[in-house]
Every structure is written in structure tokens, then in C-alpha cells.
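# Summary of the model geometry
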Amino acid sequence: MEKVYDVTALGEMLIDFTMNGQSDQGNQMFEACPGGAPCNVLAMLNKLGRKTAFIGKVGNDQFGKLLRDTIRELGIETRGLILDSDIHTTLAFVHTFPDGDREFSFYRKPGADMMLTEEDVDYELIRQSKVFHFGTLSMTDEPARSATKRALEVAREAGCIITFDPNLRPPLWDSMETAKEMMEYGFQYCDMLKISDNEIQFVTGKEDYDEGIRILQEKYQIPLIFLTMGKEGSRAYYRDIRAEKKGFIVKAIETTGAGDTFCGCSIHGLLTNGLDHLTEEKLEDILTYANAGAALITMKKGAIRSMPEPEHIETLIREN
């Protein structure tokens, strides 16, 4: 099968409502920002010149159409996106704290993204892709959980590089035990894992990041792991190599999409260098680039439409 696409991602696409000041009446105003982690990752990859496709489900409503039109405009292939006439598009309200951190309120009981079935998935898109990317939000509920599992089988059979960002959102799980099980399910399949500091502590119970990563490496034999540590920077673990790069200091307004930007940049680095002959130097270059991309997006609101330009990433790296 010819590999037409660099990356196909499966998962949620939703609207992130972010605070945007007050109206003249003193009411809070929200901005409807297209989002959803897998699509955020694709949006960054598109900026970097990669050919991408998305598989998922949104409502056949104004928000679903807005999402479809947004990603189509960015050049992401939408033939794997289904509009559901019965269930509405998932909504998330993002509350940002003074330090730029945030919490989410989700409107998703159910949301259209959870209703993706095995029959809905365009498996040809997966077979035609070099990389298949997924997270755990498509595994919180059936039928999307079974659809994700089947997609992973197909990706493995097709010889795709499989990349995984758990993207843990506790409010969306009926129990944290199930969340942990689904993360562990993903670990069995992935060639590249992008995991955050709080996720590694949650899933291994170890305070020390290196110790937690070692557990995952030994148990699941994951070839390449990227650990993100917020403004502290990031680390890469590959065979017996451990690389680390500090974060970039910028004036952050909100952190939505930072991890996804990092993930998109690191998948780009993986496609450029391949998985077999990574060196410490190459890993440090990937980390630096991904850290810079992630820093830049925190200076804007929203994710899909806020992905940094490659020249801005390069400028930030040069200036530091």
C-alpha cells in the first residue's frame, strides 16, 4: 500500500470555549476555538509541510460544520470525518488561572466524538499513512473505544509508526482505574510515546520521572518516549540515551495546545530522522524545536488556528 499521508490521527474534535473578557453588560465573553488534541497535532504537522488526515465524528450542527471547515481550510484531509445528525458536537469550557494553567468543563454526555463506531472508521486512510496517532479520549466510552482498538490493529498490520499521547483528562473518565487501563493499552501499541510529568506519575505511581519512564521502557519496550515538564522543558528516552532540554521563557497567556504543538513537532522530527538511528544530538534538536513550538503557542488563545509558523520557531531558537 502506497503511503500517501505522513500522519493520520483518530480521536476527538471539539470546540474549546476560552474566556475573552467581559461584555458592556459585565457578562463573561467566550471565544469558540476549534480544538481537540489529535487535530491540534495535525494542525502543527501541516504547518511543517506534512500531509495529514483526520478520522473522527462531530455533530451535524453549526459547531461540527465549523470544525470540518476549519481543518479543511488548513489542508487536513476530512474524508474520515463523519457528521452525526443525532448527537451534538462536544464542547469544552476552559477556565484559565492567573498563572496560565487551566481546568476544563466538558459537555459530552454523550458528545458526537464518543459515537465513532468500528464501521465508521476509514481504514484505508490508516493503511495509506506512515504514522498513525491517537490518544485516550477516544477510549473513555464505547463505541469509540472499540473503534480505536480496531484502528490500532489495522495500523500495526499496515506497518505504520504508531504515536500516542494519552492526554489525560480526569473529568471525562468514570474511574481513574479505567483511565489507567486504557493508557496501558495504548503503551502496548506505540513506537513513540509523548507523556507529561503528571501523567507519568499517575500511571506508574513514581515521583521520580526517570524511574517512571524506566518502568514503561522495561514493561512495554517503547522505542522512543518524550516527557514534557511544562515550562521546565522536556526529555527524550531512546534505548540507553537520555536527552534533556530546558524550556523557553515567554509571556504565556494560556497553555491550551502546548503539549499538542510539542507532539506535532516531535512527530515531524521522527518522520525526518526515522526511528532506527536516533542519536543524542538528533534527540536534543527535536526537543529544542518542540520546546520552542510549545512555548510560542502559549502566547496565543486556542490551538488549531494558533499553531506557530516554522520561521517563528527558528527565530526563537536563534535568539536564545
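Heads up: the structure comes first, above all this text.
Conventions adopted
Residues numbered from 1 in each chain as written. Predicted model: local features only at pLDDT ≥ 70, side-chain atom pairs only at ≥ 80, totals over all residues. Heavy atoms only, no water. Helix = DSSP H or I, 4+ residues; strand = E, 2+ residues; numbered from the N terminus. Contact = heavy atoms within 4.5 Å. Polar contact = N/O pair within 3.5 Å; in protein donor to acceptor, adjacent residues only side chain to side chain. Core = buried A, V, L, I, M, F, W, Y, C linked by side-chain atoms within 4.5 Å. Buried < 20%, exposed > 50% of the residue type's maximum accessible area, 1.4 Å probe, protein only. Pairing = 2+ DSSP bridges. Right-handed = clockwise from strand over helix to strand, strands pointing away. Expected span 1.5 Å × (residues − 1). Arc of directions from axis to C-beta. Axes fitted to C-alpha atoms, helices over the stretch in contact; angles between N-to-C directions. Parallel < 35°, antiparallel > 145°, perpendicular 65-115°, else oblique. Left-handed = near helix turned anticlockwise from the far one by under 90°. Nonpolar A, V, L, I, M, F, W, Y, C, P; charged D, E, K, R; others polar.

## Here we look at the environment of Glu-12
Topologically, Glu-12 is positioned in the loop between strand 1 (5-10) and strand 2 (14-22). Along the chain, Glu-12 and Asp-197 lie 185 residues apart, while their C-alpha atoms are 22 Å from each other. With near-sequence residues (within four places) excluded, Glu-12 lies in contact with Gly-36, Ala-37, Pro-38, Phe-54, Asp-113, Leu-137, Ser-138 and Asn-167. Polar side-chain contacts of Glu-12 include one of 3.3 Å to the backbone nitrogen of Ala-37.

## With respect to the nonpolar core
The biggest cluster of nonpolar side chains holds 52 residues, and the ones touching the most others in it are Met-13, Phe-54, Leu-224, Phe-226, Ile-267 and Leu-283. Looking at this core, the element that brings in the most residues is helix 9 (residues 280-297), giving 10 residues. If you look at the next biggest cluster of nonpolar residues, it comprises 42 residues, including Val-121, Ile-162, Leu-168 and Ile-195.

## Considering the pairing of strand 5 (residues 77-84)
Here strand 4 (residues 52-59) runs beside strand 5; their pairing, made up of six bridges, is parallel. The residue of strand 5 that forms the bridge with Gly-56 is Leu-81. Chirality of the crossover, the property in question, places the unit of strand 4, helix 2 (residues 62-74) and strand 5 among those that are right-handed.

## Some remarks on helix 7 (residues 209-220)
The end-to-end C-alpha distance of helix 7 is 16 Å, a good match for the 16 Å that 12 residues give at a rise of 1.5 Å each. Gly-212, Ile-213, Leu-216, Gln-217 and Tyr-220 are the residues of helix 7 that are buried. Seen from one end, helix 7 has its buried residues packed into an arc of 140 degrees, which puts them on one side. Exposed residues pointing more than 90 degrees away from the buried face of helix 7 are listed as Glu-218 and Lys-219. In this structure, the buried residues of helix 7 make contact with helix 5 (176-187), strand 10 (192-196), helix 6 (197-204), strand 11 (224-228) and strand 12 (234-238).

## Here we look at the packing of helix 8 (residues 258-273) against helix 9
Where helix 8 contacts helix 9, the two axes come as close as 8 Å, and the packing angle between them is 150 degrees. Considered as vectors, helix 8 and helix 9 are oriented roughly antiparallel to each other. Crossing geometry of helix 8 relative to helix 9 is assigned as right-handed. Listed contacts from helix 9 to Ala-258, Thr-261, Phe-262, Cys-265, Ser-266, Gly-269, Leu-270 and Asn-273 of helix 8 are Lys-282, Ile-286, Leu-287, Tyr-289, Ala-290, Asn-291, Gly-293, Ala-294 and Ile-297. Its residues assigned to classes, the contact of helix 8 with helix 9 shows 10 nonpolar, six polar and one charged.

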